[in-house]
Amino acid sequence: MPMYMCRWPNGDFSFVSAPNKQEAVAKLDEIDNAEGCPFSVVEDLMVHIRLEEDGTFELEGFGEVTEEVIWKEYPLLDKTLDKVFEEVKGEPLTREHMEVIGEAVSKERGRVQPQKVEQPVTLLGQQIKNAADRPTSIIDRELKESALEQLKEFKPKGKPN
């Protein structure tokens, strides 16, 4: 099953395993509506998480291939960090360097905007989307399932024409 990386507009990213992008959007709905966000397919996911003494988990790092996928989604920050680390050559970062990095982070957070997405098929679906900001695919699927259930229970009066 493919692994996807969702690049959220606020700069965060999530990994999700799903058979297709539509299902990835549906799974990520427990976090937020990922519809319109950029997705990358992650061929080789490697994440190392350390168990801390206090019983919590700490992200230790990503595999090289995974890092390549991540950094492709953060080109401004990647370029800035390369430049800063080339300047400091192993020395501690200065306040000025931290400010430059902070500016790059701010630019990355504002760089990605959700793309326009399809609206639900029905007027009811469009009203639900406006009120709840749920993915169109989920709304359309749930309304279809609900309509089919109601049709199964429908008992017309009289003889059919």
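As a reminder, the structure under discussion sits directly above these lines.
Counting of residues starts from 1 at the beginning of each chain's written sequence and follows it residue by residue. Whole-chain, interface and lining totals are the exception, using all residues; otherwise, since this is a predicted model, local features are given only for residues with pLDDT of at least 70 and side-chain atom pairs are given and counted only at 80 or more. Side-chain numbers come from the whole structure's heavy atoms, not from hydrogens or water.

**Here we look at the state of the cysteines**
- We call a pair of cysteine sulfur atoms a disulfide when they lie within 2.5 Å. Tallied over the entire structure, the rule returns 0 disulfides.
- There is no disulfide at Cys 6, and the cysteine sulfur nearest it, in Cys 37, is 4.3 Å away.
- Relative accessible area decides the class of each residue, using a 1.4 Å probe on protein chains only: under 20% of the type maximum gives buried, over 50% gives exposed, and in between gives partly exposed. For Cys 37, a relative accessible area of 2% translates into the label buried.

**With respect to unusual backbone geometry**
- At Lys 89, a residue that is not glycine, the phi angle is positive and equals roughly 45°.
- Within the secondary structure layout, Lys 89 lies in the loop between α3 (75-88) and α4 (95-111).
- With a relative accessible area of 66%, Lys 89 lands in the exposed category.
- Positioned with a positive phi, Asp 133 is a non-glycine residue whose angle comes to about 50°.
- Here a strand is any run of E in DSSP of at least two residues, a helix any run of H or I of at least four, and the numbering for each starts at the N terminus. Within the element layout of this structure, Asp 133 appears in the loop between α5 (123-132) and α6 (136-153).

**Some points on the sheet that holds strand β2 (residues 13-17)**
- Reading across the sheet, the 3 strands line up as β2-β1-β3 and stay open at both edges, with antiparallel pairing between neighbours. Every other strand in the sheet has two partners, leaving β2 and β3 (39-42) as the edge strands with one partner each. Adjacent strand axes in the sheet meet at a mean angle of 25°, parallel and antiparallel pairs treated alike.
- Sheet analysis places strand β1 (residues 3-7) next to β2, joined by 5 bridges and oriented antiparallel. Bridge pairing links Arg 7 to Phe 13 in β2. When DSSP finds two or more bridges between a pair of strands, those strands are recorded as paired. What counts as an axis is a line fitted to C-alpha atoms, over the stretch in contact for a helix, and the angles between N-to-C directions run from 0 to 180 degrees.

**Concerning helix α2 (residues 64-72)**
- For α2, the set of buried residues is Thr 66, Val 69 and Ile 70. Projected onto a plane normal to the axis of α2, the buried residues spread over an arc of 100° and lie on a single side. Exposed positions of α2 whose direction lies more than 90 degrees from the buried face are Glu 64, Glu 68 and Lys 72.
- It only takes one pair of heavy atoms within 4.5 Å for two residues to be counted as in contact. Those residues of α2 hidden inside the fold are in contact with β1, β2, β3 and β5 (57-62). Our arc is simply the arc of the directions from the helix axis toward the C-beta atoms.

**Comments concerning α3**
- Here, expected helix span is obtained from the residue count minus one, scaled by 1.5 Å. Its 14 residues place the ends of α3 20 Å apart at the C-alpha level, agreeing with the 20 Å of an ideal helix rising 1.5 Å per residue.
- All of the buried residues along α3 are Leu 77, Thr 80, Leu 81, Val 84 and Val 88. With its buried residues spanning 100° around the axis, α3 presents them on a single face. Exposed and facing more than 90 degrees away from the buried side of α3 are Lys 79, Lys 83 and Glu 86.
- Check the buried side of α3 and you find it contacts α2 and α4.

**Quick look at the side chain of Ser 40**
- Among the secondary structure elements, Ser 40 is positioned in strand β3.
- Ser 40 gets classed as buried once you look at its relative accessible area, which sits at 15%.
- We define a polar contact as two N or O atoms separated by no more than 3.5 Å, with the added condition that, inside protein, one atom must be a possible hydrogen donor and the other a possible acceptor, whereas residues neighbouring each other in sequence contribute only through side-chain atom pairs. For Ser 40, the side chain forms a polar contact with the side chain of Glu 73, separated by 2.7 Å.
- Not counting residues within four places of it along the chain, the set of residues in contact with Ser 40 comprises Met 3, Tyr 4, Met 5, Val 69 and Glu 73.

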